[in-house]
Amino acid sequence: MPSVILLLGSNDTSAEAILRSAIAIIGHSVGAVVRTSAEYSSAPYGFTSEHAFVNRAVEITTEHDAYEVLRRINLIEALLGRDREEERGIREARGERYASRPIDIDIVYYGDESYDDDRLTIPYHYLDEREYALRPVAEIAAERRHPALRHTPIEMLNRLITNKD
């Protein structure tokens, strides 16, 4: 069974509880939870909000293919209150690329496979440029190599932090 790394984020006022619920549901309906990262706080990326994001990474093993994992995490997002149509309206009204959301679950890695089509981009797009993603992923998968970039999350995080200064 492939090892899958998921990135969870929420900027809801109940973010920590929502993430705990999401992890429990993932363990029940997507795959066995192997490990989880600590919670990391980050500013919203690509939009303005008064609430910071709380991010966690989760490693699971699953019998499902990547498209089924995507379908199941989209159902979990909806169950936990994510309304993509409402988000779209808010983004358009504000002219911003993203909007606040109670839960966001992304597939960072699916085994060593890569996907790039209209439904899936794996590894997680722009992983090497997103500190909010790299911190929790580096905690639980520090030595896992990005299939295309051939760098580990810890190497990408160190490079990002060094270039930020």
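See the structure above.
Residues numbered from 1 in each chain as written. Predicted model: local features only at pLDDT ≥ 70, side-chain atom pairs only at ≥ 80, totals over all residues. Heavy atoms only, no water.

**Describing the pattern of salt bridges**
The cut-off we apply is this: The term salt bridge refers to a pairing of a side-chain nitrogen on Lys or Arg with a carboxyl oxygen on Asp or Glu at a separation within 4 Å. Three labels apply to residues, based on accessible area from a 1.4 Å probe with only protein chains included: buried if under 20% of the type maximum, exposed if over 50%, partly exposed otherwise in between.
Per the counting criterion, the structure on display carries eleven salt bridges. With a closest N to O distance of 3.7 Å, Arg101 and Asp104 form a salt bridge. Exposure class is identical for Arg101 and Asp104. Each is buried. Across the pair Glu129 and Arg130 runs a salt bridge whose closest N-O atoms are separated by 3.8 Å. We classify Arg130 as buried; its relative accessible area is 4%. Connected through salt bridges with shared partners, the residues Glu77, Arg82, Arg84, Arg101 and Asp104 form a single ionic network.

**Observations concerning the packing of aromatic side chains**
As a reminder of what qualifies: Note on aromatic contacts: the rings of Phe and Tyr and the six-membered ring of Trp form a pair at centre separations within 6.5 Å, being stacked when their planes are under 30 degrees apart, edge-to-face when over 60 apart, and tilted otherwise. By the criteria applied, helices consist of DSSP H or I runs no shorter than four residues and strands consist of E runs no shorter than two, each listed in order from the N terminus.
On inspection of all chains with the given rule, the structure shows two aromatic pairs. Consider the rings of Tyr67 and Tyr115, whose centres lie 5.6 Å apart with planes at 90°: the pair is edge-to-face. Of the two residues, Tyr67 sits in helix α2 (residues 66-79) while Tyr115 sits in strand β6 (residues 115-116), which places them 48 residues apart along the sequence. Given a relative accessible area of 24%, Tyr67 falls into the partly exposed group. For the pair Tyr110 and Tyr115, a centre-to-centre distance of 6.3 Å together with 85° between the ring planes defines the contact as edge-to-face. Residue Tyr110 is classed as buried on the basis of its relative accessible area, which comes to 5%. We classify Tyr115 as buried; its relative accessible area is 16%. A connected cluster of aromatic rings, assembled from ring pairs, spans Tyr67, Tyr110 and Tyr115.

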